[in-house]
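Listed below, chain by chain, are the residues.
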Amino acid sequence: MQPFEETVVDVLDEVVETDVHNLVVFNDEVNTFEHVIETLMDVCKHTPEQAEQCTLLIHYKGKCSVKNGSWEELVPMRNEICRRGISAEVLN
């Protein structure tokens, strides 16, 4: 039988709440799969597999949350995606 062993546990002193937003890309009938995939890889730093999966979701579901983060982080990405002719919004 093992004797009782006391362990030290770290306790979180402060909880910091952050607003997490979603960068959502919407489907359209104009842009090609290749263009959307390249844009997600360039702007959001997706891997080719991530970009392809998101593009398929955008096509079949009408939209996809392609990136999560702070407002300040996502707005420039949204602006660049829109500059490339793809519809996107930053949502809560």
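Up top is the structure these notes are about.
Bear in mind the structure is a predicted one, so any value in this text is a computation, not a measurement. (Residues numbered from 1 in each chain as written. Predicted model: local features only at pLDDT ≥ 70, side-chain atom pairs only at ≥ 80, totals over all residues. Heavy atoms only, no water.)

Novice: Describe the nonpolar core, with residues and values.
Specialist: Formed by 18 residues in total, the largest nonpolar core has its most connected members in L23, V25, L40, C44, V66 and I81. When residues of this core are traced back to their parent elements, those giving at least two are β1 (21-26), α1 (33-44), α2 (48-61), β2 (63-69), α3 (71-83) and β3 (88-91). Top contributing element to this core by residue count: α1, with five residues. Other than its neighbours up to four places away in sequence, L23 contacts C44, C64, S65, V66, K67, L74, M77, R78, I81, A88, E89 and V90. (Core = buried A, V, L, I, M, F, W, Y, C linked by side-chain atoms within 4.5 Å. Buried < 20%, exposed > 50% of the residue type's maximum accessible area, 1.4 Å probe, protein only. Helix = DSSP H or I, 4+ residues; strand = E, 2+ residues; numbered from the N terminus. Contact = heavy atoms within 4.5 Å.)

Novice: An account of the packing of α1 against α3 is needed here, citing residue identities and associated values.
Specialist: At their nearest, the axes of α1 and α3 sit 10 Å apart, and the two run at 150° to each other. As far as their axial angle goes, α3 and α1 are roughly antiparallel. Here α1 and α3 pass one another in a crossing that is right-handed. Across the interface between the two elements, T39, V43 and C44 from α1 touch M77, E80 and I81 from α3. When grouped by side-chain class, the residues that make up the contact of α1 with α3 number four nonpolar, one polar and one charged. (Axes fitted to C-alpha atoms, helices over the stretch in contact; angles between N-to-C directions. Parallel < 35°, antiparallel > 145°, perpendicular 65-115°, else oblique. Left-handed = near helix turned anticlockwise from the far one by under 90°. Nonpolar A, V, L, I, M, F, W, Y, C, P; charged D, E, K, R; others polar.)

Novice: Lay out the pattern of salt bridges in plain terms, naming residues and giving numbers.
Specialist: Applying the stated criterion across every chain, the model contains four salt bridges. A salt bridge links E80 to R83; the nearest nitrogen and oxygen atoms lie 2.7 Å apart. Here R83 and E80 lie together in helix α3, a separation of three residues that amounts to about one turn. Accessibility expressed as a relative area gives 22% for E80, which makes it partly exposed. Under the relative-accessibility criterion, R83 is labelled exposed at 59%. (Salt bridge = Lys/Arg side-chain N within 4 Å of Asp/Glu carboxyl O.)

Scope: geometric values only; no functional claims are made or implied.
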